[in-house]
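The primary structure of each chain is shown beneath.
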Amino acid sequence: MKKRIDWDQYFMVQATLLASRSTCKRLSVGAVLVRDKRIIAGGYNGSVSGDDHCIDEGCYLRDGHCVRTIHAEMNAILQCARFGMSTDGASLYVTDFPCLQCTKSLLQAGIKEINYIRNYHNDDYAMKLIKLKNVRLRQINLDQDILDQVHLDQYIDPQVARK
């Protein structure tokens, strides 16, 4: 009998797939906003639509930060704003722990749960705010068993792959 991956793993795989679209040279991040086990938005870190991409032109650094890049979490929130989808009560699945600015935006947008794979410069004040707002915070690991279970290679046409 075929066993399906659980919801957390499913949404985290979606976040990693979105990260593959990142145009940042320094770190590829993907984020998925979910409500009632349905994806309401996704985002990855990259430039404003129509602007140069870091992978093409290099990073535009100020004080050690790339100012060209919009973070994956913000892109997901902005997608909801643009298309009129409420974020109140949603859960976030993101490849990397959100920065302080994204954490503040997520909390203000009503996100109730933050799930992440990797720690990344976890900010003490972000942690304080997460606790203050009683937001559930979980680190979720994707292991090789989960990736093997997804079997993405089954969608590759062997005749096309040989070319």
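Structural data are supplied above this passage.
First, a word on what this report is: a plain description of the structure on this page.

Basis of the calculations
- Residues numbered from 1 in each chain as written.
- Predicted model: local features only at pLDDT ≥ 70, side-chain atom pairs only at ≥ 80, totals over all residues.
- Heavy atoms only, no water.
- Axes fitted to C-alpha atoms, helices over the stretch in contact; angles between N-to-C directions.
- Helix = DSSP H or I, 4+ residues; strand = E, 2+ residues; numbered from the N terminus.
- Parallel < 35°, antiparallel > 145°, perpendicular 65-115°, else oblique.
- Left-handed = near helix turned anticlockwise from the far one by under 90°.
- Contact = heavy atoms within 4.5 Å.
- Nonpolar A, V, L, I, M, F, W, Y, C, P; charged D, E, K, R; others polar.
- Core = buried A, V, L, I, M, F, W, Y, C linked by side-chain atoms within 4.5 Å.
- Buried < 20%, exposed > 50% of the residue type's maximum accessible area, 1.4 Å probe, protein only.
- Polar contact = N/O pair within 3.5 Å; in protein donor to acceptor, adjacent residues only side chain to side chain.
- Patch = residues over 30% accessible without salt bridge, like charges linked within 9 Å, V, L, I, M, F, W, Y side chains within 5 Å.
- Areas by Shrake-Rupley, 256 points an atom, 1.4 Å probe, with all protein chains shown as cover.
- Salt bridge = Lys/Arg side-chain N within 4 Å of Asp/Glu carboxyl O.
- Pairing = 2+ DSSP bridges.
- Right-handed = clockwise from strand over helix to strand, strands pointing away.
- Phe/Tyr/Trp six-rings, centres within 6.5 Å; stacked < 30°, edge-to-face > 60°.

Re the packing of helix 4 (residues 100-108) against helix 5 (residues 124-132)
The contact between helix 4 and helix 5 brings their axes to 9 Å, and the two run at 15 degrees. One finds that helix 4 runs roughly parallel with respect to helix 5. The two elements helix 4 and helix 5 cross, and the hand of that crossing is left-handed. Residue-level inspection shows Leu100, Thr103, Lys104 and Leu107 of helix 4 in contact with helix 5, the latter providing Tyr125, Ala126, Leu129 and Ile130. Residue classes in the contact of helix 4 with helix 5 are distributed as 6 nonpolar, 1 polar and 1 charged.

A few points about the nonpolar core
If you look at the biggest cluster of nonpolar residues, it comprises 24 residues, and the most contacted ones within it are Leu33, Leu92, Val94, Leu106, Ile111 and Ile114. Of all the elements in the fold, those that place two or more residues in this core are strand 1 (30-35), strand 2 (38-44), helix 3 (72-83), strand 5 (91-96), helix 4, strand 6 (113-118) and helix 5. In terms of residue count, helix 3 provides more of this core than any other element does, 4 residues in total. Grouped together as the second largest cluster of nonpolar side chains are 8 residues, Ala15, Val32, Ile117 and Ile140 included.

Focus on the side chain of Ser91
Positionally, Ser91 belongs in strand 5. A relative accessible area of 7% means that Ser91 is categorised as buried. Among the polar contacts made by the side chain of Ser91, one reaches the side chain of Glu113 at a distance of 2.8 Å. When neighbours within four sequence positions are excluded, Ser91 is seen to be in contact with Val32, Leu33, Val34, Ile111, Lys112, Glu113 and Asn115.

Description of a nonpolar patch on the surface
Where nonpolar side chains cluster on the molecular surface, the patch consists of Trp7, Tyr10 and Ile39 and spans about 270 Å² of accessible area. Residue position: Tyr10 is located in helix 1 (residues 7-19).

What about the sheet that holds strand 7 (residues 136-139)?
Sheet strands pair via backbone hydrogen bonds, and the direction of the pair is either parallel or antiparallel. If you trace the 5 strands from one edge of the open sheet to the other, you get 2-1-5-6-7, paired in mixed fashion. Looking at strand neighbours, the two that pair on one side only are strand 2 and strand 7, the edges of this open sheet. Sheet twist, expressed as the average angle between the axes of neighbouring strands with direction ignored, equals 15 degrees.

Side note on the side chain of Thr103
Structurally, Thr103 is set in helix 4. Residue classification places Thr103 among the buried residues on the basis of a relative accessible area of 0%. When sequence neighbours within four positions are dropped, the list of residues in contact with Thr103 reads Pro98, Ala126 and Ile130.

Notes on the pairing of strand 6
The side chains of a regular strand alternate between the sheet's two faces. A large share of strand 6 lies buried, amounting to 5 of its 6 residues. Pairing of strand 5 with strand 6, which is carried by 5 bridges, proceeds in the parallel orientation. When the sheet's bridge partners are listed, Leu92 is paired in strand 6 with Ile114. Of the crossover connections in this fold, the one passing from strand 5 over helix 4 to the parallel strand 6 is right-handed. Pairing of strand 6 with strand 7 involves 4 bridges; the strand directions are parallel. Looking across to strand 7, one finds that Ile114 is bridged to Leu137.

Quick look at the packing of aromatic side chains
Per the stated rule, a full pass over the model turns up 5 aromatic pairs. Seen from their ring centres, Trp7 and Tyr10 are 5.9 Å apart, and the 85 degrees between their planes marks the pair as edge-to-face. Within this pair, Trp7 and its partner Tyr10 are both found in helix 1, separated by 3 residues, close to a single helical turn. For Trp7, a relative accessible area of 37% puts it in the partly exposed group. With centroids separated by 5.2 Å and ring planes inclined at 90 degrees, the aromatic side chains of Phe97 and Tyr116 adopt a geometry described as edge-to-face. Pair noted here: Phe97 is in the loop between strand 5 and helix 4 and Tyr116 is in strand 6, with a separation of 19 residues, a long-range link. You'll find Phe97 and Tyr116 in the same group, each marked buried.

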